[in-house]
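Okay, here's what each chain looks like letter by letter:
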Amino acid sequence: PASNAITILDALIIGSGFSGIYLLHKLRDELKLDAKIFEAESDIGGTWNNNRYPGARVDCPVPLYAYSSPKVWESWTWTELYPSQKEIKAYFDHVDGVWEIRKDCVFNSRVNEATFDECVARWTIRTTDGKVTMAKYLLVAVGFASKSYLPEWEGLDLFEGVVYHSAHWPKDAEVDVKGKKIAVIGTGSTGVQIFQEWAKVADEATIFQRTPNLCLPMRQEKLDADQQVKEKVDYVDYLAQCATTFAGLEYQVTPTNTFDAGEEEREAFWESLYQSGGFRFWQNNYQDFISNLEANQAAYSFWARKTRARIQDPKKQDLLAPLVPPHPFGAKRPSLEQDFYEQFNKPNVHIVDTESNPIVDVTPTGIATTDGKVHEVDIIAVATGFDAVTGGLLSLGLKDVNGVGLDERWKDGMSTYLGMAVSGFPNMFLPYSLQAPTAFANGPTLIELQGDWIASIITKMEKENIRSVTATPDAASAWNNEVNTIANMTLLPLAKSWYMGSNIPGKPVQSLNYVGGLPTYRERCAKALDEDFFGFAKA
Ligand code: NA7
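Thresholds applied
- Residues numbered from 1 in each chain as written.
- Predicted model: local features only at pLDDT ≥ 70, side-chain atom pairs only at ≥ 80, totals over all residues.
- Helix = DSSP H or I, 4+ residues; strand = E, 2+ residues; numbered from the N terminus.
- Rg over C-alpha atoms; globule rule 2.2 N^0.38 Å.
- Buried ≥ 20, exposed ≤ 12 C-beta atoms within 10 Å, placed from the backbone.
- Contact = placed C-beta atoms within 7 Å.
- Pairing = 2+ DSSP bridges.
- Axes fitted to C-alpha atoms, helices over the stretch in contact; angles between N-to-C directions.
- Near = placed C-beta within 6 Å.
- Nonpolar A, V, L, I, M, F, W, Y, C, P; charged D, E, K, R; others polar.
- Left-handed = near helix turned anticlockwise from the far one by under 90°.
- UniProt positions renumbered as here; feature names shortened; annotations may be inferred.
- Expected span 1.5 Å × (residues − 1).
- Arc of directions from axis to C-beta.

The helix and strand tally for the chain stands at 16 helices and 19 strands. A compact globule built from 539 residues should have a C-alpha radius of gyration of about 24 Å, and the chain, at 23 Å, falls within 12% of that. Relative to its full complement of 539 residues, the chain shows a buried share of 47%. Sequence separation of at least 24 residues holds for 72% of the intrachain contacts in the chain that already meet a minimum separation of 6.

Right, let's talk about the sheet that holds strand E7 (residues 162–165) for a bit. Taken together, the five strands give an open sheet; going across it, the order is E7-E16-E8-E9-E12, and neighbouring strands pair in parallel fashion. A single partner strand is all that each edge strand has here, and the edge strands are E7 and strand E12 (349–353). Sheet twist, expressed as the average angle between the axes of neighbouring strands with direction ignored, equals 15 degrees. Strand direction decides the pairing type here: strand E8 (residues 181–185) and strand E16 (residues 379–382), joined by four bridges, are parallel. Residue pairing for E16: Ile 185 is matched across the bridge by Val 382. Across the sheet, helix H5 (residues 189–198) touches E8, strand E9 (204–209) and E16, and the angle it forms with E8 is around 165 degrees.

All right, on to the site of the ligand then. Around the ligand sit 21 residues in total, of which Gly 186, Gly 188, Thr 190, Arg 210 and Gly 385 are the nearest. No other element matches H5, which puts three residues into the shell around the ligand. Among the residues making up the shell around the ligand, the classes are represented as seven nonpolar, twelve polar and two charged.

Before going further, it helps to spend a moment on the environment of Thr 77. Residue position: Thr 77 is located in the loop between helix H3 (70–73) and helix H4 (85–99). Classification of Thr 77 by C-beta neighbours within 10 Å gives partly exposed; the count is 17. It is 42 Å that separates the C-alpha atoms of Thr 77 and Ser 468, two residues lying 391 residues apart in sequence. Discounting residues that sit within four places of it in the chain, Thr 77 has contacts with Ala 225 and Gln 228.

Two numbers describe how helix H1 (residues 18–30) lies on helix H14 (residues 443–463): the axes approach to 9 Å, and their chain directions differ by 35 degrees. When the axes of H1 and H14 are compared, the crossing they make is right-handed. For the pair formed by H1 and H14, the contact residues are Phe 18, Ser 19, Tyr 22, Leu 23, Lys 26, Leu 27 and Glu 30 on the first element and Gly 443, Pro 444, Ile 447, Glu 448, Gly 451, Ile 454, Ala 455 and Ile 458 on the second. Classifying every residue of the contact of H1 with H14 gives nine nonpolar, three polar and three charged.

Another point: the UniProt feature "domain: FAD/NAD(P)-binding" (unreviewed entry) in the chain. If you check UniProt for "domain: FAD/NAD(P)-binding" (unreviewed entry), the listed places come out as residues 10–223 in our numbering. Counting secondary structure, residues 10–223 comes out at 21% helix and 23% strand; the distance between its end C-alpha atoms is 42 Å.

As for its placement among the helices and strands, Thr 133 is situated in strand E6 (residues 132–140). With 22 C-beta atoms counted inside 10 Å, the residue Thr 133 sits in the buried group. Measuring from C-alpha to C-alpha, the distance between Thr 133 and Leu 64 comes to 35 Å, with 69 residues separating the pair along the chain. With residues near it in sequence (within four places) discarded, Thr 133 still touches Ile 6, Thr 7, Leu 9, Leu 12 and Ile 125.

Following Val 62, the chain continues to Pro 63 via a peptide bond in cis, the omega torsion being 10 degrees. In this structure, Pro 63 sits in the loop between helix H2 (47–50) and H3. Not every positive phi belongs to a glycine, and Asn 108 is a case in point at roughly 50 degrees. Secondary-structure assignment places Asn 108 in the loop between strand E3 (105–106) and strand E4 (111–117). Of note in the backbone geometry, Phe 533 takes a positive phi value of approximately 60 degrees without being a glycine. Position of Phe 533 among the secondary structure elements: in the loop between helix H16 (518–530) and strand E19 (536–538). According to the C-beta neighbour criterion, Phe 533 is buried, with 20 such atoms within 10 Å.

Helix length check: H4 (15 residues) gives 21 Å between terminal C-alpha atoms against 21 Å at 1.5 Å per residue, within 8%. Within H4, burial applies to Gln 85, Ile 88, Tyr 91, Phe 92, Val 95 and Trp 99. Relative to the axis of H4, the buried residues are bounded by an arc of 105 degrees and lie together on one face. Its buried side turned inward, H4 meets H1, H2 and H3. Among the residues trailing H4, Glu 100 stands out with phi positive, at a value near 50 degrees.

Pasting the structure below:
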């Protein structure tokens, strides 16, 4: 075809991470639609293709952190309970082998404008290479971590050593830190993971911490292939059962309150959660843990005691696990660690407190802080996170039916219906995005719930010859209220974090997640299907 020819599709999916791949499989293989993925990068995997920094791994366990389709899991085994980025990347190759994903992906294809023409009820999508595509359905599957965040520090480009942002780690870059002085800036899950690796090898290792991360023990396990093969007999039931829980994990929030239990019972319970590892201390804790400050602080004190006991230097104890909570536990995402805290017991491992002495800029030889010091280093990993959840979505040039950009529409606050539809944007669906349980659920569980729902709504539209559906402003406003009301019942607004958009200067502060849990969310989504497109206007 001529280079200016318009490609016509039924459905265009943006992004080839967990959600984009699932949607391609559903829409193409089950609904028999002509569907394609546009992927800005050169391969599938989304977050797991982009985040290849040292130590990168998932902190939800397998086989939950995977597709539930037997066709995919019956021919795959994992080597670790919490697999590394490399293993997850290999898993995507396997998924491609089963579902033939790559053949319908257009790589290095970055969307920069999409408009909906009501006369023909089609989206027109433009990419930076000048190509034009028309599609009835637009599925924006860019995940919550596709736009990185780098604070405005001067001098990064003049740094004479090696410096990478965690989200832009060069492919196959083996950074050898042996004999080097390294710095990691940031203590989110990324910073913790990089530091945990590098502090074992580097000559001198320094973490630049503004806020301590209330890390929980991962309790990593090696997995045996034969054992997994035996366990697969129960996978269908096991995965279905986990999908009914609040977060799509193996356990539920404990349905009693903290102070209903006596001190001894409480301590024993917390000890068991802490010892079992993973997110249990966060997601399996007493039900008032995330809503009652006093209960939360009691749990925090337990955590601080456990953590401080692992750190020898009292000054480091006070920075990494202070006696006074820096924020309510779980109101900011805790990370999983293996031996992060033990690293600080070595004389060559240091912390710089950037809360007291913020970073001013980067010099050719190191990192300058407001106390006048320049911390001389050879290698810097910048782990300052993302303009999470909405950053990627807002960089696509999406326009509503009146030609108004989504960024303009949302400049004072964001609003969706069910976290999947936006009023004024017909036939556009957003899996794994804002105002859904995104950060509070096992990713693949939510992605399958939403992917199935999107496939059902499209099936219904096709069957009933409906040209377009748009979320009504009333439905969006009601959903917005529900999202915010639930978030305000929790301690979430008390922490400065990407959950609330407050990690990015100038970003509207509001809950970016629906924190009502998967079961209620599933009910709300079902209502829209069961009650004749409840919340949508049809055309
Ligand atoms: P996060 O969790 O947003 O962490 C970013 C870190 O960078 C965090 O510790 C920030 O400190 C720190 N940061 C950001 N800006 C600055 C400045 N200006 N000075 C000093 N420190 C700064 O990102 P991650 O990549 O670790 O993880 C993102 C999610 O991906 C994670 O939650 C998982 O769900 C997967 P702060 O805490 O704001 O004080």
